[in-house]
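These are the residues of each chain, in order.
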Amino acid sequence: MSVIDPNGTETKNYHGLYTGMKNQKGWGEKTSALFTKSIFHLHNNEYPNELKIWNDAPSDLEKNDLFYLPVDAVIITIFKNIQPKNWNFKSVNKIIGKNYSGTDFEVWDDLWFWGFITQIGTGDGRKMDWNLNKYWTLRESDKNPKMIAEIKGKAEQFLSVLRESTNDNKTYKQYGLKA
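Note that this is a predicted model, so its numbers are computed, not measured.

Novice: What's the story with the packing of aromatic side chains in this structure? I'm lost.
Specialist: Aromatic ring pairs are reported here in terms of the distance separating the ring centres and the angle at which the planes meet. By the definition in use, this model includes 13 aromatic pairs. Measuring from ring centre to ring centre gives 4.9 Å for phenylalanine 40 and phenylalanine 67, while their planes differ by 85 degrees; the resulting arrangement is edge-to-face. On the criterion of sequence distance, the pair formed by phenylalanine 40 in helix H2 (residues 29–42) and phenylalanine 67 in the loop between H2 and helix H3 (73–82) is long-range, its members being 27 residues apart. The buried category is assigned to phenylalanine 40, whose relative accessible area is 4%. Accessibility expressed as a relative area gives 8% for phenylalanine 67, which makes it buried.

In structure tokens form, the structure reads like this:
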């Protein structure tokens, strides 16, 4: 899985793939991060071997290799609720990268799900609340009323933690995150 960067340097890691994709017209940071993560999982025994598209894709993340959280408006809204400031793809990934590396980084992907189903509206006017309609739009979500009730309860717990962190930054610091 060789990737040649704009300087003509060949890299054989996932950070190089991310950078290469990001430099393509129409590919932004989030899409490149999602693609890179998908390629990593496709080539690391999580899917049948016949689905692999590169024979030489690294099977592990090396110490100097990087993953990025595919940050979008949903995740930025969550971070703004925790600590009001001008969050973006780079600043969110930088702060998470201070405390997480390799595939451990992926635990933060869950933020998107919980943020998606607990946000109503768009842009800076988003309201943080359970959004059943968004839950229903998730194709693979379990539509059983008992499961929806369970997910709603977990979403309300998520919102409670978020509201507590909005009142003060103790939650932010409790998890070892530094601005």
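Novice: Just checking my understanding: could you explain the nonpolar core for this structure?
Specialist: One broad trend across soluble globular proteins is that nonpolar side chains are buried collectively. Leu69, Phe79, Val92 and Ile96 are the most contacted members of the largest nonpolar core, which totals 31 residues. Secondary structure elements with two or more residues in this core: helix H1 (14–22), H2, H3, helix H4 (89–97) and helix H7 (145–167). No other element matches H3, which puts five residues into this core. The contact partners of phenylalanine 79, leaving out residues within four places of it in the chain, are Trp87, Val92, Ile95, Ile96, Trp108 and Leu111. Ranked by size, the runner-up nonpolar core spans nine residues in total, among them Val74, Ile117, Tyr135 and Leu138.

Novice: Honestly, the pattern of salt bridges in this entry has me stumped. Any pointers?
Specialist: Here the idea is simple: oppositely charged side chains can pair when their charged atoms come close. Here the structure, examined in full by the defined rule, presents four salt bridges. Residues aspartate 72 and lysine 30 are paired through a salt bridge, measuring 3.5 Å at the closest nitrogen-oxygen approach. Remark: lysine 30 occurs in helix H2 and aspartate 72 occurs in the loop between H2 and H3; sequence separation between them is 42 residues. Looking at lysine 30, the relative accessible area reads 33%, which means it is partly exposed.

Novice: Any chance you could explain H2 here in plain terms?
Specialist: Between its first and last C-alpha, H2 extends 20 Å over 14 residues, near the 20 Å set by a 1.5 Å rise per residue. Along H2, the residues classified as buried are Ser32, Ala33, Thr36, Lys37, Ile39, Phe40, His41 and Leu42.

Novice: What is the right way to look at the side chain of asparagine 93 in this model?
Specialist: The residue asparagine 93 is located in helix H4 in this model. Polar contacts involving the side chain of asparagine 93 include one to the main-chain amide nitrogen of leucine 69, which spans 2.6 Å. A polar side-chain atom of asparagine 93 sits 3.0 Å from the main-chain carbonyl oxygen of phenylalanine 89.

Novice: Teacher, can you tell me more about H1 here?
Specialist: In an α-helix, one full turn covers 3.6 residues, which means residues spaced three or four apart are oriented alike. Residues of H1 that are buried include every one of Tyr14, Gly16, Leu17, Tyr18, Gly20 and Met21, and no others. Of the residues that open H1, the one with a side-chain oxygen 3.4 Å from the backbone nitrogen of histidine 15 is asparagine 13.

What counts and how
All residue numbers here refer to positions counted from 1 along the written sequence of the relevant chain. Residue-level local features of this predicted model are given only where pLDDT is at least 70; pairs of side-chain atoms are given and counted only at 80 or more, and the full residue set underlies all totals for whole chains, interfaces and linings. Side-chain measures here rest on the full set of heavy atoms in the structure, leaving out hydrogens and waters. Stacked, tilted and edge-to-face are the three classes assigned to paired rings of Phe, Tyr and Trp, where Trp is represented by its six-membered ring and a pair needs centres within 6.5 Å; plane angles under 30 degrees give stacked, over 60 edge-to-face, the rest tilted. Runs of H or I in DSSP of at least four residues are treated as helices and runs of E of at least two as strands, each being numbered from the N terminus. With a 1.4 Å probe rolled over the protein chains alone, any residue whose accessible area is under 20% of its type maximum counts as buried; one over 50% counts as exposed, and the rest are partly exposed. Among buried residues, the Ala, Val, Leu, Ile, Met, Phe, Trp, Tyr and Cys ones that are joined through side-chain atoms within 4.5 Å form a nonpolar core. Between two residues, a contact is recorded if the distance between any of their heavy atoms is within 4.5 Å. For salt bridges, the criterion is a side-chain nitrogen of Lys or Arg within 4 Å of an Asp or Glu carboxyl oxygen. Each helix should span, by expectation, one fewer than its residue count multiplied by 1.5 Å. Side-chain atoms alone can form a polar contact between residues adjacent in sequence; in general such a contact is a pair of N or O atoms within 3.5 Å, and within protein one must be able to donate a hydrogen while the other accepts it.

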